[in-house]
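Observations on the model geometry
Chain by chain, the residues:
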Amino acid sequence: MSIDFSRLVAFGWSNFFLGQLPLDRLDTVHPARVIRVERSSYRVATADGEMLVTLAGRFQYQHADERPTVGDWVLLQQDAPVIIECLLRRTLLTRRQSGGIDSQAIAANVDLMLVVSGLDAEFNLHRIERYLVMAAQAGVTPLMILTKQDLAENAEAAVEQVRARLPAGADVMSVDARRDPLSERLAPWLSTGTTLVVVGSSGVGKSTLVNNLAGVEVQSTGETRRDAKGRHTTTARALIRLPGGACIIDVPGMREVGLTTEGGINAQFRSIADLAPACRFIDCTHEEEPGCAVRAAVERGELAEDVWAHYLKLRAEERHHVAEHERRRRERAFGKMVRSALATKQRSGQ
Ligand SMILES: Nc1nc2c(ncn2[C@@H]2O[C@H](COP(=O)(O)OP(=O)(O)O)[C@@H](O)[C@H]2O)c(=O)[nH]1
Ligand SMILES: [Mg+2]
Ligand SMILES: [Zn+2]
């Protein structure tokens, strides 16, 4: 059977994935993109349309971030609705699983990260910076969308504050996500084959933005997210095709914890990472050590004190997290040792 690749191109298919097809097995497998994940159920888009599939058993033995996620290109078995392989990813957004340092895949093969933040009372530069760390870690260019412009006291000033923290190539704009013509304003980023992912805290207007771009209500917004008992309903992670040809992934229930890693922090705080080689000690923490080039730059007014303080805070959080995980791991290992010693003792009848 021949595959109509033009249909896959509309979902972001490219030569990067074409090059991974097993040419000797093309009559027994076919490529598809994962467009929705809900627990163990996967919806995929193939050249012949959408279908529901499950994972082959062997994925059970793989690390959590190696299992297919939304945005992944996968190979399906020709004669059964089963994902048998996950193709190499161009980019991958991960988050730490709660209570561990193992990472979990959130969205794959994304080109642009829309970081959404509100210009209402919730506006917080440090929170925005966390998402920028996450983008740096994933190797994806961020585009900052500051929503609720209509509720802002001074949207222009906020835009400039954010701009000062952006890495090269990134951009920022303020919008009213309910009313602005966002397809027009975001047009340069929405060409066919581009995949965007929307991240940001709950209530900032992510679903409003996705609906605005889609031109219809594809995601429920505001209080409708809660069920009759007022609990947040868990919606699935989904990839939605926009009228202009781009794909967009909404990630509901994204929390800020566990977003950072040491590598991501260094990538976002380039100015600090660039100064570090000039510190006297190779393992300088840039806190109290003599001969610290970072602190010297703060004292000379060349590095904003606030940037330095936030860097220290994120790094301390990251180290605490890693240490905590290690402590729990040891506790578990010790418990196991004690239990097996007891079992041995019982067996020998003592
Ligand atoms: N005033 C104003 N309200 C907005 C804007 N964007 C979203 N909202 C409202 O904020 C609430 C939360 O939006 P929602 O899209 O559900 O946020 P999400 O949790 O990030 O998906 C809804 O009541 C929206 O109508 C905006 O630009 N201006
Ligand atoms: Mg939402
Ligand atoms: Zn230092």
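Everything numeric here is computed off the predicted structure, so don't read it as measured data.

Moving on, we come to the nonpolar core. Counting 57 residues, the largest nonpolar core has Ile83, Leu93, Met113, Met144 and Val197 as the members making the most contacts within it. Residue contributions to this core peak at seven residues, all from helix H3 (residues 125-138). Split by domain, the residues of this core number at least three in each of domain 1 (5-88) and domain 2 (93-250). Once residues lying within four places of it in the same chain are set aside, the contact partners of Leu93 are Gln104, Ala105, Ile106, Ala107, Met113, Met134, Ala138, Val197 and Val199. Membership of the second largest hydrophobic core comes to 22 residues, among which are Val116, Leu209, Ala214 and Leu242.

Turning next to the domain arrangement of the chain. Entries for the chain in the domain assignment read domain 1 (5-88), domain 2 (93-250) and domain 3 (269-339). When each unit is reduced to the centre of its C-alpha atoms, the spacing between domain 1 and domain 3 is 40 Å.

Okay, helix H4 (residues 155-163) next. Looking only at H4, the buried set comprises Ala155, Ala158, Val159 and Val162. Taken end-on, H4 shows its buried residues confined to a sector of 100 degrees, consistent with a single buried face. In this fold, the buried residues of H4 make contact with H3, strand S9 (141-147) and strand S10 (171-174).

It is worth spelling out the pattern of salt bridges at this point. The final tally for this structure, using the stated rule, is 22 salt bridges. Between Arg178 and Asp176 there is a salt bridge, with the nearest N and O atoms lying 3.2 Å from each other. The exposure class assigned to Asp176 is buried, which follows from its relative accessible area of 9%. For Arg185, the salt bridge identified is with Asp180, shortest N-O distance 3.3 Å.

This part covers the packing of aromatic side chains. As enumerated under the stated definition, the model contains six aromatic pairs in all. Ring plane angle 70 degrees and centroid distance 5.6 Å describe the contact between Phe269 and Tyr311, whose orientation is recorded as edge-to-face. Placement of Phe269 in the loop between helix H7 (262-268) and helix H8 (270-275) and of Tyr311 in helix H10 (residues 305-347) is noted, with a sequence separation of 42 residues between them. A relative accessible area of 2% means that Phe269 is categorised as buried. What makes Tyr311 buried here is its relative accessible area of 4%. Linked through ring pairs, Phe5, Trp13, Phe16, Phe17 and Trp73 together constitute an aromatic cluster. The ring of Phe59 carries Arg58 above its face, with NZ or CZ at 4.7 Å from the centroid. A cation over an aromatic ring shows up here: Arg241 above the ring of Phe11, its NZ or CZ 5.0 Å from the ring centre.

Before going further, it helps to examine the site of ligand 1. What surrounds ligand 1 is a group of 18 residues, the closest being Asp150, Ala177, Gly203, Thr208 and Gly222. Val204 places a main-chain nitrogen or oxygen 3.3 Å from an oxygen atom of ligand 1. In this structure, Ser207 approaches ligand 1 through a main-chain N or O atom, which is 3.0 Å from an oxygen atom. Coverage of ligand 1 by the protein amounts to 83% of the 590 Å² it exposes when considered alone. Grouping the amino acids of the shell around ligand 1 by side-chain chemistry returns four nonpolar, eight polar and six charged.

So, how was this worked out
- Residues numbered from 1 in each chain as written.
- Chains lettered and ligands numbered in written order.
- Predicted model: local features only at pLDDT ≥ 70, side-chain atom pairs only at ≥ 80, totals over all residues.
- Heavy atoms only, no water.
- Core = buried A, V, L, I, M, F, W, Y, C linked by side-chain atoms within 4.5 Å.
- Buried < 20%, exposed > 50% of the residue type's maximum accessible area, 1.4 Å probe, protein only.
- Helix = DSSP H or I, 4+ residues; strand = E, 2+ residues; numbered from the N terminus.
- Domains from an automatic or database assignment.
- Contact = heavy atoms within 4.5 Å.
- Arc of directions from axis to C-beta.
- Salt bridge = Lys/Arg side-chain N within 4 Å of Asp/Glu carboxyl O.
- Phe/Tyr/Trp six-rings, centres within 6.5 Å; stacked < 30°, edge-to-face > 60°.
- Lys NZ or Arg CZ within 6 Å of the ring centre and 35° of its normal.
- Near = heavy atom within 4 Å.
- Polar contact = N/O pair within 3.5 Å; in protein donor to acceptor, adjacent residues only side chain to side chain.
- Areas by Shrake-Rupley, 256 points an atom, 1.4 Å probe, with all protein chains shown as cover.
- Nonpolar A, V, L, I, M, F, W, Y, C, P; charged D, E, K, R; others polar.

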